[in-house]
Each structure stands twice: as C-alpha cells, then as structure tokens.
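Fold and geometry: a report
Next come the chains, spelled out residue by residue.
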Amino acid sequence: MAENGYNPTELLICTASRLVPDNTTAFIGTGIPMLAASLAQKMHAPNLVAVFEFGGVGAMLDDLPLAVGERRTFHMAVAATGLADMVETAQRGFIEYGFLGGAQIDPYGNLNSTVIGDHDHPKVRLPGSGGGNDVGSHCWRTIAIMPHDQRRFVAKVDFITTPGYLSGPGAREAAGLPVDTGPYRVVTTLAVLGYHPDSKRMMLLATQPGVTIDDVIENTGFELLMADEIEEYPPPTDEELRILREDVDKDKLYI
Amino acid sequence: MKVLDEGIGKLIQPVDLDAFRKSNHSKPKQLIDKRMSEAEAVERFIHDGDYVGTELYGTVRCPMSLVNEIVRQGVKDLRMAGQGVTELDTLLAAKLVKALDITYIALEVYGVSSVLRREVESGRVETCVEWSNGAIAERFKAAAMGVPFLPIRSMLGTDTFKYSAAKAVECPFTGEPICLLPALILDVGLIHVHRADMYGNAQIDGISGFATEMARASKRLIVSAEEIISNDEIRKNPGKTIIPYFLVDAVVEAPFGSHPGEMCYVYERDEPQIKEWVEASKTEDGADEYLAKYIHGVKDHQEYLELIGKDRLEQLQAMVPGRS
C-alpha cells in the first residue's frame with residue numbers, strides 16, 4: 001500500500017472518517033477514532049458533534065488529544081460535563097455513532113478487550129471494557145476499527161466485553177439492550193464490512209484498494225457473508241491525505 | 001422484583017447505607033482548617049485493606065502526590081475501583097493492590113499495561129470484578145444518592161456482566177430486563193482539584209469526570225489542590241464549587257500534584273516522564289527501580305518536584321496555550 005502513497009493507519013482513518021455524516025453525534029475514543037472525527041470535521045462534517053466520555057461535548061478537534069479526558073477533548077467545546085452525563089446522554093438515545101476496538105471480534109460483532117484465555121487465570125490480561133460496553137450498548141450505530149487477521153476475526157471471542165448482536169437476531173432486545181441499536185460497520189485494512197439485516201452476521205461490503213475477496217476470506221477466522229455486489233472502496237484522496245498530514249496530525253503523533 | 005441473572009463477580013465492598021449515613025452524620029460541620037501534608041493525610045485516613053478510589057481520567061488531574069505517598073508508606077492489601085492509568089499502574093507496581101473493580105487499566109496511546117498483566121496473570125491481584133466505565137460512575141452515583149443501587153441499560157448480555165457483581169432483573173414498571181448496579185461506597189476517595197480553601201471547598205476547571213459523584217460516595221475524602229485559596233474567593237464563585245467542605249477530611253496543597261499527568265489550563269503532561277514509566281514498567285526490575293528513584297528516593301512531594309526540576313516544570317506550564 002505504501003507505493004500508493006499512504007500507510008495502513010491513514011487508510012483506516014480516511015475510511016472511518018467517511019462513515020460519519022455531518023450534523024450527527026459521535027462518541028469518540030483516543031487514537032484512530034479521534035483522527036477520523038477530526039478529518040471528518042475538516043472535510044465533509046464541520047458540525048460533527050464529538051462527544052468524549054469524560055465530559056467533552058462538541059469540541060473543535062484542532063489539536064489531537066492524547067487522552068480521552070485532556071483539554072483538547074473540550075477545546076472550544078459547547079459544554080464540559082462529566083462521565084455519568086455522557087453515558088446517560090448515550091443511554092437516552094442522543095448519540096448516533098460510537099467507535100470501538102478490541103483484540104477480538106466475532107461474526108456478530110461482539111468484541112473482546114478484557115482477557116485472552118480464562119477470565120480468572122488469563123493468558124493475557126487486557127485493559128477491560130472502559131467505555132466500550134457503554135458505547136456498544138447505547139449508541140445507535142457502532143463502528144469497529146480493527147487490524148484484519150485470523151487471530152482477531154474469530155468464530156468465538158474469549159470474552160464478550162462489548163455487546164455486538166450477541167447470539168444473533170433478537171438477542172440484544174431479549175437481554176434488555178435498547179432496540180434498534182448495534183454494530184453497523186467494521187473498518188479494517190482489508191475491507192469494509194457490515195451485518196446482514198436478518199441474520200445479523202458479518203458481511204463483506206467492500207474491499208480496500210488492491211485487496212481481493214480471497215485475501216479477506218483468508219484473513220477471517222469464520223465464514224463471511226457476501227453482499228450482492230462487493231465494491232472496491234475508493235482509496236484515500238489527495239485532499240484527505242493532505243489535510244490528515246498537514247493539519248489533523250501535523251505533529252505526527254499517530255500517522 | 002424477579003432476578004433474571006446475576007454476575008458471579010464478588011461484591012468486594014458491602015453496600016452498607018446506614019453505616020454510610022452514620023459516617024456522614026459524624027463529620028464535623030463547622031469550618032475547620034483541614035490542611036495537612038500528604039504524609040499526615042495518608043497516615044490518618046488510609047489503612048491496610050481499605051477500599052480506595054481515585055478520581056481522574058487517564059493521566060489527567062490525577063492525585064499522584066497522594067498515590068506516591070501511599071507507596072512510600074506501603075499501605076497494603078488495598079481494594080480499588082479501577083479506571084486508571086498512571087496512578088493504578090503505580091500502586092499495582094508497588095504490589096499494594098489485592099482486589100479490583102476494574103473498568104480500564106492501560107496506558108492509552110502507549111497500549112496495554114505491563115504492570116496490570118504481571119499482577120493479574122501471576123494471581124497477585126486476587127480478584128478482578130469487571131464493569132464498564134459508565135457502570136462504575138453510576139455505582140458512585142447510587143452511593144452519592146444514598147440508595148442501594150441504580151439501573152443501567154449497559155452491561156446486559158455480556159461477559160462483562162457475567163464477571164461483575166451486577167444483577168439483571170425484570171423491571172417492575174416495564175417488564176423488560178434491566179441491569180442493577182450496587183452502590184459503591186468508598187472507605188477513602190482521593191481527588192485532585194484546581195483549587196480549594198483550607199476547609200475543603202473545592203473547585204475544578206473544565207470537565208469534571210466523576211468527581212461530583214465520587215466525592216459524595218466517599219466515607220473519607222482527601223482533596224489535594226494545585227492551589228489553596230481563601231474562603232472569600234470560594235464564596236465569590238460558589239457555582240464552581242463541586243465539593244463542599246463538609247465532605248472533605250483532609251486538604252493537601254500539591255502544586256504539580258498530577259505530575260507526570262496534566263492539569264488543564266495549568267500545566268501539560270510530561271511526555272518524556274510518562275514514556276520513562278512506560279519503558280521502565282515493562283519489567284518488574286525496571287518498575288522497582290523507577291519507584292526507588294522517584295518515590296522511595298525522595299521524602300515527600302516537594303523533594304519529588306525538586307528531582308524533576310524547576311526548569312522542566314516551568315516548561316510544562318509554558319506549554320499551556322496562551323501561556324508562552
């Protein structure tokens with residue numbers, strides 16, 4: 001990909017950035033989601049309302065925050081509140097998009113960021129839910145951003161930290177999660193994936209530039225559903241890359 | 001209410017509302033000068049085996065001068081609520097933590113915490129009970145309200161729920177499943193603020209994380225402040241006071257109290273110092289050496305700041321936009 005002039009991180013940022021429309025609200029975590037939100041604000045979504053879980057509401061993402069609670073998360077913001085208010089705002093249905101990540105994802109979009117192996121005697125202890133479970137429970141649509149390989153795309157996650165569609169259609173509602181919420185897209189270095197409206201299983205929608213459908217299948221540890229038409233996702237444009245490099249991450253903190 | 005499902009995690013702090021009320025009732029309501037050093041505050045108010053909470057977000061507004069003093073005094077077998085970066089990493093590295101209500105412990109942009117991995121994978125931390133950030137904040141809120149639980153619509157259907165101490169019940173009003181979170185009443189809460197008066201009236205600038213709830217969920221509350229101001233100053237802008245004095249047991253003046261983390265509008269975070277910890281903490285020996293140098297090697301916060309150096313601290317202040 002480098003010969004085309006962008007690296008995998010830049011590809012993920014540009015891809016995710018296009019998925020959030022203007023005049024919407026998005027729950028933003030550190031890292032790639034923040035860069036994607038900042039790029040979106042500078043491209044097509046100047047009025048994207050960035051919500052940070054420790055209380056920043058509607059910040060102008062001029063400088064990149066290094067942490068979810070630092071001053072840049074409420075730079076020129078409309079309000080600076082607190083954690084309970086942010087989660088409750090999502091719980092009341094105000095937050096449209098939520099970004100998520102994890103060490104593992106399964107066909108229903110369930111995410112693991114807690115342990116590899118057994119919970120009480122873990123092989124690897126990971127950070128834990130953080131705000132992930134809240135975002136995955138309350139936001140209308142969640143977008144997972146992941147590197148794409150067989151270790152991460154697994155038939156069964158070791159631990160469901162954050163709910164996707166759980167065991168399938170109707171499972172979220174049966175558990176008591178808000179209706180009409182759940183996983184929307186998965187953005188990877190190989191593909192853009194969605195979920196089948198009936199079976200709620202992960203479905204390939206588009207391949208990243210230069211990637212074949214077979215590449216995606218080979219790097220996924222479960223059977224993927226295929227959309228009727230699988231597109232090639234348009235590569236990052238010169239303008240996106242310029243704004244990303246010269247403006248969004250001018251100090252080269254992430255890219 | 002019909003209980004539909006229960007987490008198998010231990011409730012590591014009992015929900016004793018009447019004891020909490022009695023403790024609150026016994027707190028002095030008169031204006032008393034509560035200023036003291038970190039050493040005195042930790043010695044008087046934090047004991048082995050206590051359930052302790054620290055309020056912060058990531059490296060931001062983190063009560064590090066108090067945490068470092070806990071390490072210096074070796075207060076052990078602590079049970080803690082974990083939404084943490086530098087402070088929980090430090091306490092875990094010092095092997096003072098026995099049980100965790102954990103939401104997130106890692107190093108944000110620097111990834112997974114090596115210390116958490118060592119302490120949990122070795123079994124030295126005996127208990128990890130899982131929660132989401134929202135759940136922990138609402139647990140504090142329940143305690144702050146003085147009620148035994150609060151309902152929330154997250155956690156449901158997941159292993160985060162299964163390994164928590166929450167319960168799912170059939171809501172008596174809607175008939176739908178809802179997750180109930182037990183109130184979390186702290187033995188001791190530690191909060192670092194921008195400014196406080198000698199009595200404990202405390203103000204925070206910018207976002208307030210979960211300080212409002214946690215301050216009200218603490219039986220004993222230690223406030224450290226960048227700056228001590230007069231009671232007259234507090235009374236000029238009472239809308240900013242999120243912690244009134246009668247919640248507070250100790251007031252510690254701690255300039256750069258969040259170092260190596262930041263304090264919005266006052267100083268930026270010390271990136272080289274944080275990186276030094278990230279690198280050092282990758283091995284047990286490295287972490288021990290770091291603690292020996294920066295915590296055990298100095299007698300108090302003042303000496304710690306001298307070790308970091310005046311020039312460096314002034315640089316961190318100058319990095320605040322509008323200051324340079």
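Computed from a prediction, not measured in an experiment: that's the story for all the values here. (Residues numbered from 1 in each chain as written. Chains lettered and ligands numbered in written order. Predicted model: local features only at pLDDT ≥ 70, side-chain atom pairs only at ≥ 80, totals over all residues.)

**A closer look at the overall build of chain B**
Looking only at helices and strands, chain B features 13 helices and 13 strands. For chain B, the C-alpha atoms occupy an extent of roughly 60 × 50 × 40 Å along the three principal directions. Per-residue burial for chain B yields a buried fraction of 56% across its 324 residues. Counting only contacts in chain B whose residues sit at least 6 apart along the sequence, the fraction spanning at least 24 positions is 76%. (Helix = DSSP H or I, 4+ residues; strand = E, 2+ residues; numbered from the N terminus. Buried ≥ 20, exposed ≤ 12 C-beta atoms within 10 Å, placed from the backbone. Contact = placed C-beta atoms within 7 Å.)

**What to know about the sheet that holds strand β8 (residues 177–182) of chain B**
All names here are of chain B. The strand order across the open sheet built from four strands is β1-β7-β8-β6, with neighbouring strands paired in antiparallel fashion. At either margin of the open sheet sits one strand with a lone partner, and together these are β1 (3–6) and β6 (149–152). The average angle at which neighbouring strand axes cross in this sheet is 30 degrees, direction not considered. For β6 and β8, the ladder comprises four bridges, and the chain directions are antiparallel. Bridging across to β8, P151 finds its partner in L180. (Pairing = 2+ DSSP bridges. Axes fitted to C-alpha atoms, helices over the stretch in contact; angles between N-to-C directions.)

**Details of unusual backbone geometry**
Residues and elements named next belong to chain B. In this chain, H259 is followed by P260 through a cis amide linkage whose omega measures 10 degrees. One non-glycine residue, F256, lies in positive phi territory at about 55 degrees. Structurally, F256 is set in the loop between β13 (250–253) and α10 (271–280). Among the residues examined, F256 registers 21 C-beta atoms within 10 Å and is labelled buried. Here the phi dihedral of Y265 falls at roughly 75 degrees; this positive angle occurs in a residue that is not glycine. Here Y265 is to be found in the loop between β13 and α10.

**Quick word on the environment of L61 of chain A**
Residue and element names in this part refer to chain A. Residue placement: L61 occurs in the loop between β3 (56–57) and β4 (79–80). We classify L61 as buried; it has 22 C-beta atoms within 10 Å. Spatially, the C-alpha atoms of L61 and V216 are 33 Å apart, while their sequence positions differ by 155 residues. With near-sequence residues (within four places) excluded, L61 lies in contact with M34, A37, S38, Q41 and A50.

**Quick look at the interface of chain A and chain B**
With 47 residues of chain A in contact, the opposing surface of chain B contributes 48 residues. Among the elements of the structure, α3 (83–91), β9 (122–125), α4 (132–138) and α5 (171–175) of chain A are those that each provide at least two residues to the side of chain A that touches chain B. Of the residues contributing to the side of chain A that touches chain B, the split by class is 21 nonpolar, 20 polar and six charged. (Nonpolar A, V, L, I, M, F, W, Y, C, P; charged D, E, K, R; others polar.)

**Considerations on the nonpolar core**
If you look at the biggest cluster of nonpolar residues, it comprises 167 residues, and the most contacted ones within it are A37, A50 and V51 of chain A together with I222 and V223 of chain B. Excluding residues that lie within four positions of it along the chain, I222 of chain B makes contacts with A41, F45, L66, V188, L190, D249, A250 and V252 of chain B. (Core = buried A, V, L, I, M, F, W, Y, C linked by C-beta atoms within 7 Å.)

**So, the packing of helix α2 (residues 32–42) of chain A against helix α7 (residues 238–248) of chain A**
Residues and elements named next belong to chain A. Where α2 contacts α7, the two axes come as close as 10 Å, and the packing angle between them is 110 degrees. The orientation of α2 relative to α7 falls into the category roughly perpendicular. Considering how the two elements wind past one another, α2 and α7 form a crossing that is right-handed. Facing L35, S38, L39 and K42 of α2, the residues of α7 in contact are E240, I243, L244, D247 and V248. Residues of the contact of α2 with α7, tallied by class, amount to five nonpolar, one polar and three charged. (Parallel < 35°, antiparallel > 145°, perpendicular 65-115°, else oblique. Left-handed = near helix turned anticlockwise from the far one by under 90°.)

**Quick look at the packing of α3 of chain A against helix α6 (residues 133–145) of chain B**
The interhelical angle for the contact between α3 of chain A and α6 of chain B, taken along N-to-C directions, is 115 degrees, at an axis separation of 9 Å. When you trace α3 of chain A past α6 of chain B, the crossing you get is left-handed. Contacts between α3 of chain A and α6 of chain B pair L83, A84 and V87 of chain A from the former with N133, G134, A137, E138 and K141 of chain B from the latter. Considered class by class, the residues forming the contact of α3 of chain A with α6 of chain B number four nonpolar, two polar and two charged.

**Some points on the environment of A36 of chain A**
Residue and element names in this part refer to chain A. If you trace the backbone, A36 turns up in helix α2. For A36, a count of 28 C-beta atoms within 10 Å gives the class buried. In this structure, the C-alpha to C-alpha distance between A36 and V248, residues 212 residues apart in sequence, is 9.1 Å. Excluding residues within four positions of it along the chain, A36 makes contact with I13, A16 and S17.

**Observations concerning α2 of chain A**
The element α2 of chain A is extensively covered by neighbouring structure, given that 10 of its 11 residues are classed as buried. Of the positions making up α2 of chain A, those classed as buried are I32, P33, M34, L35, A36, A37, S38, L39, A40 and Q41 of chain A.

**Observations concerning the confidence of the model for chain B**
Confidence along chain B averages 96 in pLDDT terms, with 100% of residues attaining 70 or more. Across the interface, the model reports ipTM at 0.96; the global pTM reads 0.96. (pLDDT = per-residue confidence, 0-100.)

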